[in-house]
Amino acid sequence: PDSSRYWLASSYEERMKNGLEPENIDKEFLRLWFAKQCDPYKDEVIPDAPKDLVCELSRRYISLYEMITSNTFDFTEGSEGKIAAAIESA
């Protein structure tokens, strides 16, 4: 995924009025975790992200896919290879 930021329109205006960060569906939380753990631009070894953060990122992107396409994300046991192949061919 790219560095796009996706904010939820349903709460954007209210949160901005109250000086709050908009609700988002993006990977900023993961970028912030890495920034606390290392310097990805200078460090030779970058730590693996914790599984719970990777799962949360997946949940967010699946949610975003479903919002944009109005389709249910079809994930069945063992479909990781099919998903990886689709990403690599994109």
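Keep in mind it's a predicted model, so treat the numbers as computed, not measured. (Residues numbered from 1 in each chain as written. Predicted model: local features only at pLDDT ≥ 70, side-chain atom pairs only at ≥ 80, totals over all residues. Heavy atoms only, no water.)

S.K.: Can you walk me through the nonpolar core in this structure?
M.R.: Nonpolar side chains tend to gather and get buried jointly when the protein is soluble and globular. Of all hydrophobic cores here, the largest spans 10 residues; its members are I25, F29, L30, W33, F34, C38, L53, L57, Y61 and L64. The set of elements that each furnish at least two residues to this core consists of α2 (28-37) and α3 (51-69). Not counting the four nearest positions on each side in its chain, L30 is found in contact with A49, L53 and L57. (Core = buried A, V, L, I, M, F, W, Y, C linked by side-chain atoms within 4.5 Å. Buried < 20%, exposed > 50% of the residue type's maximum accessible area, 1.4 Å probe, protein only. Helix = DSSP H or I, 4+ residues; strand = E, 2+ residues; numbered from the N terminus. Contact = heavy atoms within 4.5 Å.)

S.K.: Which parts of the structure should I look at to understand α3?
M.R.: Note on helix geometry: an α-helix contains 3.6 residues per turn, so any two residues three or four positions apart are oriented the same way. For α3, which comprises 19 residues, the first-to-last C-alpha distance of 27 Å matches the rise-based estimate of 27 Å (1.5 Å per residue) to within 8%. Looking at α3, one finds that the buried residues are L53, L57, R60, Y61, S63 and L64. The arc enclosing the buried residues of α3, seen along the axis, measures out at 155 degrees, which places them on a common side. In α3, the exposed residues that point more than 90 degrees away from the buried face are K51 and D52. Looking one or two residues past α3, S70 carries a phi angle of roughly 60 degrees, positive in sign. (Expected span 1.5 Å × (residues − 1). Arc of directions from axis to C-beta.)

S.K.: What is the right way to read the pattern of salt bridges from this model?
M.R.: Oppositely charged side chains can pair when the atoms bearing their charge come close. Under the definition given, this model contains five salt bridges. Residue R59 pairs with E56 through a salt bridge whose shortest N-O separation is 2.7 Å. In this pair, R59 and E56 both sit in helix α3, three residues apart, roughly one turn of the helix. You can call R59 partly exposed: its relative accessible area is 47%. For E56, a relative accessible area of 23% puts it in the partly exposed group. Counted as one network, the salt bridges with shared partners bring together R5, E21 and D26. (Salt bridge = Lys/Arg side-chain N within 4 Å of Asp/Glu carboxyl O.)

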